[in-house]
Amino acid sequence: MATLTDFRKVGDSVRNWGRWGAADELGTLNFITPAKVAAAARLVRHGRVFPLGIDFGSSGPQGAFQFRQNPTHLMTVDGGDAETLVEYGPKWLRNSVAGQLSGFFEDNPFRFNDDMVVMPLQAATQWDAFSHVYYDDKLYNGFPANSVTSLGAFHCGIDKVDSKGITSRGVLLDLVKHRGADTFLAPGEPITPDELDEVAARQGVTIESGDIVLVRTGWWNRFLEAGDGTEPYSGLDWRCAQWLHEHEIAAVAADNLMVEDPVSGVTGTFLPMHMLCLRDMGLMLGEYWDFTALAADCAADGVYEFQLIAPPLRVVGAVGSPINPIAIK
């Protein structure tokens, strides 16, 4: 086990504060240059599209942590409302919502349905914003942690990265295939930096500056089998933060709930790679992605690179965002 002193030494070595200026809130997304975006678009050869998002619904993976629940989907207007309101007419409670709606439906064929969702912004497939995790009262680039208030994140909110669009060359590193696992990487064997290099070499793909790396652990497939959102797994060892830094990775995503291994590897702290990536490097983490169809296609044609498009919602001041990313080959 590493110590907090070891952790802080790594934090010092990977820290990108000031690298792109004192006001920067894009972090490693700065590695995605216009030339990188254009090169990623040229990877599309067949027009095959692979959605990488999971369902946002009541059967999702949340609920184990009481502060984060699965989405609640509510209908605010439906066909039954239209039928009833037409029967009673617009004179009924004219100044109410029912009166307003009945006015839309009276004496014409127009009908509509409306709905809403109540959910944590990190309920399913998501990006973590830099403001999601911090330590020593500092966010990425040295912004004060108290700039995140009950009104949202003044600095490092997910809306600050919208200008990048988050589209680049994506690279899938299939650890399930590499290890020969049946479904997923069972707990106890964290993914090391050396193993990431081994997988890339075996797949014949070179990791480049500005890439978005997708790490397949098989956890999502296991969740679909067992329905246990708390089942442990093997994820990225905290030392992979150094690997991500050295390769100038723009962002990293996985098909599990934390990207990194749930066993800390650093005495006296929790989720050290989250702290190194989000707070020190300014590198966003994507969680709960589904690589099933993409992995099968990559294994079939031997091509593990593709155009990846994964923009967040521009929720002002949010510390994360739901997404429906797609890979195009």
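Residues numbered from 1 in each chain as written. Predicted model: local features only at pLDDT ≥ 70, side-chain atom pairs only at ≥ 80, totals over all residues. Heavy atoms only, no water.

Looking at an unreviewed UniProt entry, one finds the chain named Cyclase family protein, with Nocardia rhamnosiphila as its source organism.

Undergrad: Explain the side chain of Gln203 to me, please; I cannot follow it from the model alone.
TA: For Gln203, the location among the structural elements is in helix α6 (residues 193-203). Engagement of the side chain of Gln203 in a polar contact is seen with the backbone oxygen of Leu172, the distance being 2.7 Å. Among the polar contacts made by the side chain of Gln203, one reaches the main-chain amide nitrogen of Asp174 at a distance of 2.9 Å. If sequence neighbours within four positions are ignored, Gln203 has contacts with Leu172, Leu173, Asp174, Gly302 and Tyr304. (Helix = DSSP H or I, 4+ residues; strand = E, 2+ residues; numbered from the N terminus. Polar contact = N/O pair within 3.5 Å; in protein donor to acceptor, adjacent residues only side chain to side chain. Contact = heavy atoms within 4.5 Å.)

Undergrad: How should α6 be read in this particular structure?
TA: What sets the pattern is the α-helix's 3.6 residues per turn: residues three or four places apart point alike. Buried within α6 are the following residues: Pro193, Glu195, Leu196, Val199, Ala200 and Gln203. Projected onto a plane normal to the axis of α6, the buried residues spread over an arc of 160 degrees and lie on a single side. Within α6, the exposed residues directed more than 90 degrees away from the buried face are Asp194, Ala201 and Arg202. Of the surrounding elements, those touching the buried residues of α6 are β7 (167-174), α5 (175-179) and α8 (240-246). (Buried < 20%, exposed > 50% of the residue type's maximum accessible area, 1.4 Å probe, protein only. Arc of directions from axis to C-beta.)

Undergrad: Would you explain the side chain of Ser168 in this entry?
TA: Secondary-structure assignment places Ser168 in strand β7. The exposure class assigned to Ser168 is buried, which follows from its relative accessible area of 0%. At a separation of 2.7 Å, a polar atom in the side chain of Ser168 contacts the main-chain carbonyl oxygen of Gly210. The residues touching Ser168, leaving out its near neighbours within four places in the chain, are Ile32, Lys36, Ala40, Gly210, Asp211, Ile212, Phe306, Gln307 and Leu308.

Undergrad: Would you mind showing me how to read the packing of helix α3 (residues 79-88) against helix α4 (residues 97-105) here?
TA: Two measures define how a pair of helices packs: the angle their axes make with one another and the distance between the axes. Contact geometry for α3 and α4: axes closest at 9 Å, N-to-C directions at 90 degrees. Of the possible angle classes, the one that applies to α3 and α4 is roughly perpendicular. Residues Ala82, Leu85 and Val86 of α3 lie in contact with α4, whose contacting residues are Ala98, Leu101, Ser102 and Phe105. (Axes fitted to C-alpha atoms, helices over the stretch in contact; angles between N-to-C directions. Parallel < 35°, antiparallel > 145°, perpendicular 65-115°, else oblique.)

Undergrad: I keep staring at helix α10 (residues 292-301) and nothing clicks. Help me out?
TA: Three or more residues of α10 are buried, namely Leu294, Ala295, Asp297 and Cys298. Looking straight down α10, one finds that the buried residues subtend no more than 165 degrees of arc, so they occupy a single side. Along its buried surface, α10 packs onto β1 (49-51), β7, β8 (212-216), β11 (305-309) and β13 (326-328). Among the residues trailing α10, Gly302 stands out with phi positive, at a value near 75 degrees.

Undergrad: For this particular structure, what's the right way to read the pairing of strand β10 (residues 284-287)?
TA: Looking along a regular strand, one sees the side chains alternate between the two faces of the sheet. The side-chain alternation of β10 yields two buried faces, one formed by Met284 and Gly286 and the other by Leu285 and Glu287. Examined bridge by bridge, strand β9 (residues 251-254) and β10 share 3 bridges and lie parallel to one another. Directly across from Val252, in β10, lies its bridge partner Leu285. You can see the chain leave β9, run along helix α9 (residues 272-281) and come back into β10, and the turn it takes is right-handed. (Pairing = 2+ DSSP bridges. Right-handed = clockwise from strand over helix to strand, strands pointing away.)

Undergrad: Just to check I follow, could you spell out the packing of aromatic side chains for this structure?
TA: Here the distance between the centres and the angle between the planes together describe a pair of aromatic rings. Within this structure, the stated rule accounts for 12 aromatic pairs. Relative to Phe223, the ring of Trp219 has its centre 5.6 Å away and its plane inclined at 15 degrees; by these criteria the two rings are stacked. Linking Trp219 with Phe223, this pair stays in helix α7 (residues 219-226), spanning 4 residues, or about one helical turn. Accessibility expressed as a relative area gives 7% for Phe223, which makes it buried. Pairing Trp220 with Phe223 gives two aromatic rings, centres 5.0 Å apart and planes at 25 degrees, and the pair type is stacked. In this pair, Trp220 and Phe223 are both assigned in helix α7, 3 residues apart and thus about one turn of the helix distant. Like Trp220, the residue Phe223 is buried in the burial classification. By the ring-pair criterion, three or more aromatic residues cluster together here, those being Trp219, Trp220, Phe223, Tyr233 and Tyr288. In this structure, Lys160 is placed above the aromatic ring of Phe154, and the distance from its NZ or CZ to the ring centre is 5.9 Å. Directly above the ring of Tyr135 sits Arg279, whose terminal nitrogen or CZ lies 3.7 Å from the centroid. (Phe/Tyr/Trp six-rings, centres within 6.5 Å; stacked < 30°, edge-to-face > 60°. Lys NZ or Arg CZ within 6 Å of the ring centre and 35° of its normal.)

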